[in-house]
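Residues per chain are reported as follows:
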Amino acid sequence: MGRLFVRQGLLFILLISKALPALALPLDPNRLASELKMTPQTVRVKLSGLGRIMTVRGTDLGLSLAKKPELGNVRADEWIIDCKKSEIYQPVTGKSRKIPRSGILLESLSGILSVNEKRFREQIVVYPKELLSPYDESVRTNPQCLVVNHINLERYLESVVNGEFNSQWAETAVEAQIIAARTYALYQMNEMRKDHGRVFDVESTEKDQVYLGLDRADNKASELVAKTRGLIMSPKGSVKITPIKAFYHASCGGITSLPEAVWGTHFAGFTHRALCPFCAHSPSYSWDVRFSFHEIEQRIAHGLSVDTNNRKAWPKAYLDNPGRWVLSEVSQRADKNSSDARISDIVFDFTDRDDFDRHIKIRMNANIVRNWLDPVKVKSTLFTIATLGRSIQFNGKGSGHGVGMCQWGAKRMGEKGYTLAQILTHYYPGVKIARIWK
Ligand SMILES: [Zn+2]
């Protein structure tokens, strides 16, 4: 009995001591966190296109060495980062320091700072250009620093709305877009954090979701983000709520596609294609583009030189000397598993310049071919090809990979009065909508 009392007493003390920080005075609103804010709602966004020399401005900017705030916290209103030298310096005092591999954290007293006149909220972490990433070749060879914005996911979404969409479109369509973007970002956060060495979750470009910082946020975007706060899409039928990889694209051209058809990988929540009569009036619904055989030869050779993963299908005879092979025929193969006209593969026939009896025939995934040729001009893989002399004409429909939500279709559904749930389950038939935080 006595022991039990002692233990209870200890427990009581422990509870008291644990509760103590909460009893402390409220945090000084003027005090900077000066350490990485990494709550479950913090998304780490890799920023792009900021240049090699960056001027960071803010109100009484706090600067500390990320993850080691005790190493120093220096204040000023302006810092200049020289990515070429991997240095940060203070223009008033002229003092500089090397950017450590653990990064430099910058945050402003006002909560807003600018990097080369672009405004961002919360925290910016700058890593030196030498930062090695076993995953991302573009980071390893990047001449620029790696700049990452740590920001609350809900606030990040307020900017993504106008990067990817338009806050003035029909409300239910914008809300559907916000939920797709929140779900996608959370999926990436879960995936990227499996590797502790990785310092960002999403890129700020089309590769993930277009994010251009605070300047793109507006009141309407904030209002609709707040209205859908915490809502995500999770696979239907699973008890646990897990974000799906909520792909979306500009316009599907009449029918959506499945991840396995585009990338050869299945993703949870994508069960079947959706017919979409809603994007027929979108700007890129119909398109055509023509490439000469010579252009195609050059783009394939270039594609193979940078995209080493896709060299396997190509014979050594070609890889050793691409200039020796003349393109003699291009043909298409439709997706066998689908009734739509989306092309799954393109077949290239080459003839040896020195021996016309020698041919090689290569079958390539249409999505890779699209990226090699020009993904801006070859807008989707929903195309047919026609040979016109020594050139190939692509006649296509839709814009983007075709997986998940068709943005122009969602816009039209919103205008026609469909509800948020109807829009989402039309394009993501295998999901349920759930709230992960309030
Ligand atoms: Zn569509």
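Here the structure is a predicted model, which is why all the values come from computation and not from measurement.

Within the chain, the regular secondary structure consists of eleven helices and 19 strands. By the burial criterion, 37% of the 438 residues in the chain qualify as buried. Counting only contacts in the chain whose residues sit at least 6 apart along the sequence, the fraction spanning at least 24 positions is 67%.

Positive phi outside glycine occurs at Glu117, with the angle close to 75°. Position of Glu117 among the secondary structure elements: in the loop between β6 (104-115) and β7 (118-127). Phi at Glu122 is positive, roughly 65°, even though this residue is not glycine.

Next up on the list: the packing of helix α4 (residues 171-192) against helix α11 (residues 420-427). For the pair α4 and α11, the least separation of the axes is 8 Å and the interaxial angle reads 50°. Classified by the angle between their axes, α4 and α11 sit oblique to one another. The crossing of α4 and α11 is right-handed. On α11, the residues touching Thr172, Ala173, Glu175, Ala176 and Ile179 of α4 are Leu420, Ile423 and Leu424. When its residues are assigned to classes, the contact of α4 with α11 shows six nonpolar, one polar and one charged.

Moving on, we get to the sheet that holds strand β14 (residues 343-352). Pairing is antiparallel in the open sheet, where three strands are placed in the order β13-β14-β15. Edge positions in the sheet fall to β13 (325-334) and β15 (355-365), since each has one partner strand and no second. The mean angle between the axes of side-by-side strands here comes to 20°, regardless of whether they run parallel or antiparallel. In this structure, β13 lies alongside β14, joined through nine bridges in antiparallel fashion. Bridge pairing in β14 links Ser331 to Val347. Helix-sheet contacts for helix α9 (residues 366-373) involve β14 and β15, and the interaxial angle to β15 is about 105°.

Taken across its eight residues, α9 has six buried, putting it largely inside the fold. All of the buried residues in α9 are Ala366, Asn367, Val369, Arg370, Trp372 and Leu373. Here the buried face of α9 lies against α6 (259-263), β12 (286-292), α7 (293-306), β14 and β15.

Moving on, we come to the confidence of the model for the chain. The predicted model of the chain averages 83 in pLDDT, with 84% of residues at 70 or higher. Of all the helices and strands in the chain, helix α1 (residues 2-23) carries the lowest mean pLDDT, 34, while α11 carries the highest, 97. Low pLDDT, under 50, characterises residues 1-34; the predicted model gives this stretch nine contacts beyond four residues in sequence or across chains.

Contact pair α4 / helix α5 (residues 219-227): the axes reach a minimum separation of 9 Å and the direction vectors enclose 65°. Put simply, α4 runs roughly perpendicular to α5. Seen along the crossing, α4 lies across α5 with a hand that is right-handed. Across from Glu171, Val174, Glu175 and Ile178 in α4, the residues of α5 making contact are Leu224, Val225 and Lys227. Classifying every residue of the contact of α4 with α5 by side-chain character gives four nonpolar, no polar and three charged.

Rules used throughout
Throughout, residues of each chain are indexed from 1 in the direction in which the sequence is written. Residues qualify for local features only when their pLDDT is at least 70, as the model is predicted, and side-chain atom pairs are given and counted only at 80 or more; totals for whole chains, interfaces and linings, by contrast, use all residues. Here a strand is any run of E in DSSP of at least two residues, a helix any run of H or I of at least four, and the numbering for each starts at the N terminus. Exposure criterion: with C-beta atoms placed from backbone coordinates, a residue whose C-beta has 20 or more other C-beta atoms within 10 Å is buried, one with 12 or fewer is exposed, and one in between is partly exposed. Note that contacts rest on C-beta atoms placed from the backbone: two residues are in contact if these are within 7 Å. A fitted line through C-alpha atoms serves as each axis, taken over the contacting stretch for helices, and the angle formed by two N-to-C directions is quoted from 0 to 180°. Working rule for angles: under 35 degrees goes down as roughly parallel, over 145 as roughly antiparallel, 65 to 115 as roughly perpendicular, anything else as oblique. Crossings are assigned a handedness: left-handed for a near helix turned anticlockwise from the far helix by less than a right angle, right-handed for a clockwise turn. Each residue is assigned to one class: nonpolar for Ala, Val, Leu, Ile, Met, Phe, Trp, Tyr, Cys and Pro, charged for Asp, Glu, Lys and Arg, and polar for all the others, Gly among them. Being paired, for any two strands, means DSSP has found at least two bridges between them. Confidence of the predictor at the level of single residues is given by pLDDT, which spans 0 to 100.

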